[in-house]
Amino acid sequence: MTIQMFGLPVSGGVAIGRAVLVASSRVDVAHYFIEPGNAAAEVTRLRHARDTVSSELTTLKNELTSEAPPELAALLEVHLMLLRDPMLIEATKHWIEARHYNAEWAVTAQTEVLARQFDEMEDDYLRERKADIEQVAERVLRVLAKEESLLPHVVHARGFGGKDQLVLVANDIAPADMLQFKGSVFTGFVTDVGGRTSHTAIVARSMGIPAVVGAREASRLIRQDDWLIIDGDTGVLVINPTPIVLEEYKFRQRQSELERAKLHRLRHMPSVTLDGQAIELLANIELPADAANALQAGAVGVGLFRSEFMFMNRNGDLPDEDEQFEAYRAAVQSMNGLPVTIRTVDIGADKPLDRMTMHELRHEHALNPALGLRAIRWSLSEPAMFRQQLRAILRASAYGKVRVLIPMVAQRGELIAIMEAFAQTKQQLKAVGQAFNPIEVGAMIEVPAAAMTMPLLLRHFDFVSIGTNDLIQYTLAIDRADETVAHLYDPWHPAVLGLIANVIEAANAAGKPVSVCGEMAGDTAFTELLLGLGLRSLSMHPSQISAVKQRVLRSDSVKLAKLARDAIGSEDPERAWLSANNKAALRSANR
Ligand code: PEP
Ligand code: MG
């Protein structure tokens, strides 16, 4: 049956493929692909886990005393039977051999298929066996987690995994887990939860594949292997489309690919407005390996290297100074002398250090994580770690042009502590004869308090970069990762635009560089407005650079300045901006 649903479109284009469900199991499960040649070894690992659980259950059953309730022995017997049943472990083999999932992922995929079958059973007794299947699977997963695979985790290039394209469907997926699918087999992505600028959506967007988040019931309604259309422009999802609908979307997919190919031709053209203003287009990256992509897309530097991704999912084993130095140096060297702006760790809120679901994050670990110990607050609460990161960044500066960016600065006390940490680390490096170059230190403007105290920040920092994702969240008091309030997350709000205009104006007046590195920078709906507000530098996902450049090439910054001022001063800036631009377009068409 065809089902149509809606979510929030976060990355444009159309994807058509078979659904791969990444189940949110109660046990923390790693999802990765294995090399096809290692499938037999992974199946052996699975069978070994099954045998371990089997002996655990047999021991439990044998140790039951005569006082134990008889139902307990019966239950253990049922669990043992399920474990031996080919529909569980043997069928799981299919996901390992045909799809090359790791054993844990394969178990959750098969458990899901079975759970759905049990849900549909008429017989109450049989329907209730679903819980037993889940309990047995959970035991197997626990054993697998203890005996982690030593086989290499691989990210397969597109085209891997059979002739059909695959799309990823999840209830919720942590940003770091999402990152491991970058450049992988998936050609589209859907989640039930998340807002447009949640970090999971940001990573999905950086993959340059069509993506929809906040689709509420998607992972419940979509089944493993269902055909799925993901329209990343409108947020529409079509499950098991009819042939006519499929043809229509295939046509749109071809159109959108042609459009992309056309834009790609702009990548090495200089980014200059009609009136000769040079506009710097920089890239946002998450890993050093992304630098190659940035260059390919025509970026003239990295405006935001989100270093925290290197710190995630390591079970507390954080990267030391040398490991960080190597990563920063790799990014710097890949950029061939172009600037690389490394942001110090921005951990916390929807970017936990270790794997956690959004639910755990919101409810178990901090009263209000977005307002808690995140970003520079976390770094300053871990002074040794902070100094280690600064030393690693300083050392990388000997290999190219490095700048450092501090997330979420809002207080004078923080500013002083940051500058002291810098002075101290430079001293330490000098003392041991480590080479480094002078580096500029910038502040991210992502808290209204910072946007309203620009003179103070501009006295101490060399440049600023506006983090619009958080600036919108904190100005409007809307959790950026919460799909239930996503309709209120409004970049066009006059308060948001007023703060952005204020920051750009203050930095320009002080002669200090200002950039935007939040998602607004890569959204072509805002390109002309930001240019009109006096912005000359934008940092975005590499895949967005050409489309933004196309807008820049058609812009006249002098004309835009007046239009932008009028629009942001109006009651409804979005409407005012659109109508002013339509009039301007009409005027130039009539000329
Ligand atoms: C922002 O807040 O706009 C930003 C760029 O930082 P992040 O999205 O990583 O919080
Ligand atoms: Mg931010």
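Residues numbered from 1 in each chain as written. Chains lettered and ligands numbered in written order. Predicted model: local features only at pLDDT ≥ 70, side-chain atom pairs only at ≥ 80, totals over all residues. Heavy atoms only, no water.

K.L.:
Sorry if this is basic, but what is going on with the overall build of the protein here?
P.N.:
When helices and strands are counted, the protein shows 23 helices and 16 strands. By the compact-globule yardstick of 25 Å for 591 residues, the protein fits well, its C-alpha radius of gyration being 26 Å. Projected onto its principal axes, the C-alpha coordinates of the protein cover approximately 85 × 65 × 40 Å. For the protein, the proportion of its 591 residues judged to be buried stands at 54%. When contacts within the protein are restricted to residue pairs at least 6 apart in sequence, those whose partners lie at least 24 apart make up 72%. Within the protein, the 74 negative side-chain charges are centred at a point lying 8 Å from the centre of the 62 positive side-chain charges. (Helix = DSSP H or I, 4+ residues; strand = E, 2+ residues; numbered from the N terminus. Rg over C-alpha atoms; globule rule 2.2 N^0.38 Å. Buried < 20%, exposed > 50% of the residue type's maximum accessible area, 1.4 Å probe, protein only. Contact = heavy atoms within 4.5 Å. Lys, Arg positive; Asp, Glu negative; His and termini not counted. Charge placed at Lys NZ, Arg CZ, Asp CG, Glu CD.)

K.L.:
I keep staring at the coordination of the magnesium ion (ligand 2) and nothing clicks. Help me out?
P.N.:
Any two of four tetrahedral donors ideally make an angle of 109.5 degrees at the metal, while pairs among six octahedral donors ideally make 90 or 180 degrees. For the magnesium ion (ligand 2), every protein donor is listed as Glu-446 (OE) and Asp-470 (OD), and the spread of their distances is 2.0 to 2.2 Å. In this pair, Glu-446 is assigned in the loop between strand E13 (440–445) and helix H16 (448–451) and Asp-470 in helix H18 (residues 468–476), connecting sequence segments 24 residues apart. When sorted by exposure, Glu-446 lands in the same class as Asp-470, which is buried. (Donors = N, O, S within 2.8 Å, 3.2 Å for Na, K, Ca; no water.)

K.L.:
I keep staring at the site of ligand 1 and nothing clicks. Help me out?
P.N.:
As a matter of local geometry, ligand 1 sits amid 17 residues, with His-199, Arg-306, Arg-343, Asn-469 and Arg-480 nearest to it. Within the side chain of Arg-306, a nitrogen or oxygen atom sits 2.8 Å from an oxygen atom of ligand 1. A distance of 2.8 Å is found between an oxygen atom of ligand 1 and a side-chain nitrogen or oxygen belonging to Arg-343. Within the complex, the protein chains bury 100% of what would otherwise be the 290 Å² of accessible surface of ligand 1. At the level of elements, helix H7 (199–206), strand E10 (302–306) and H18 are the ones that each hand at least two residues to the shell around ligand 1. Of the residues that constitute the shell around ligand 1, the class distribution is 4 nonpolar, 5 polar and 8 charged. (Near = heavy atom within 4 Å. Polar contact = N/O pair within 3.5 Å; in protein donor to acceptor, adjacent residues only side chain to side chain. Areas by Shrake-Rupley, 256 points an atom, 1.4 Å probe, with all protein chains shown as cover. Nonpolar A, V, L, I, M, F, W, Y, C, P; charged D, E, K, R; others polar.)

K.L.:
Honestly, the environment of Ala-283 in this entry has me stumped. Any pointers?
P.N.:
In this fold, Ala-283 is placed in strand E9 (residues 280–285). With a relative accessible area of 0%, Ala-283 lands in the buried category. Residue contacts for Ala-283: discarding those within four places in its chain leaves Ala-294, Ala-299, Gly-301, Val-302, Gly-303, Leu-304, Ser-539, Met-540, Pro-542 and Ile-545.

K.L.:
I keep staring at the pairing of E10 and nothing clicks. Help me out?
P.N.:
Every regular strand shows the same layout, with side chains that alternate between the two sheet faces. Of all the 5 residues making up E10, 5 are buried; the element is thus mostly covered by neighbouring parts of the structure. The pairing of E9 with E10 spans 3 bridges and is parallel. What sits directly across from Asn-284, in E10, is Leu-304. Once the chain exits E9 it traverses helix H10 (residues 290–296) before rejoining the sheet at E10, and the crossover so formed is right-handed. In this sheet, strand E11 (residues 340–343) lies alongside E10 in parallel orientation, the contact comprising 3 bridges. Bridging across to E11, Arg-306 finds its partner in Arg-343. (Pairing = 2+ DSSP bridges. Right-handed = clockwise from strand over helix to strand, strands pointing away.)

K.L.:
I tried to follow the environment of Ser-334 on my own but got confused; where do I start?
P.N.:
Along the chain, Ser-334 falls in helix H11 (residues 321–334). Here Ser-334 is in contact with Ala-291 and Leu-295, once residues within four sequence places are set aside.

K.L.:
How do you make sense of helix H22 (residues 557–568) when you look at a structure like this?
P.N.:
Residues lying three or four places apart along an α-helix face the same way, a consequence of the helix completing one turn every 3.6 residues. For H22, spanning 12 residues, the distance from its first C-alpha to its last is 16 Å, which sits close to the expected 16 Å at 1.5 Å a residue. Listed in full, the buried residues belonging to H22 are Ser-557, Leu-560, Leu-563, Ala-564, Ala-567 and Ile-568. Looking straight down H22, one finds its buried side chains confined to an arc of 120°; they lie on one side. Seen from the open side of H22, the exposed residues pointing more than 90 degrees away from its buried face are Val-558, Lys-559 and Arg-565. At the N-terminal end of H22, a side-chain oxygen is found 3.0 Å from the backbone nitrogen of Val-558, two or three residues along, and the residue is Asp-556. (Expected span 1.5 Å × (residues − 1). Arc of directions from axis to C-beta.)

K.L.:
What is the right way to look at the side chain of Arg-395 in this model?
P.N.:
Relative to the helices and strands, Arg-395 is located in helix H14 (residues 383–396). Among the polar contacts made by the side chain of Arg-395, one reaches the side chain of Glu-321 at a distance of 2.8 Å. There is a polar contact of 3.0 Å between the side chain of Arg-395 and the side chain of Asp-322.

K.L.:
What exactly am I supposed to notice about the pattern of salt bridges here?
P.N.:
Charged atoms that come close allow side chains of opposite charge to pair. Taken as a whole and judged by the stated rule, the model has 33 salt bridges. Glu-104 serves as the salt-bridge partner of Arg-45, at 2.7 Å between the closest nitrogen and oxygen. On the criterion of sequence distance, the pair formed by Arg-45 in helix H1 (residues 39–62) and Glu-104 in helix H4 (residues 103–119) is long-range, its members being 59 residues apart. Judged by relative accessible area, Glu-104 falls into the buried class, the value being 6%. (Salt bridge = Lys/Arg side-chain N within 4 Å of Asp/Glu carboxyl O.)

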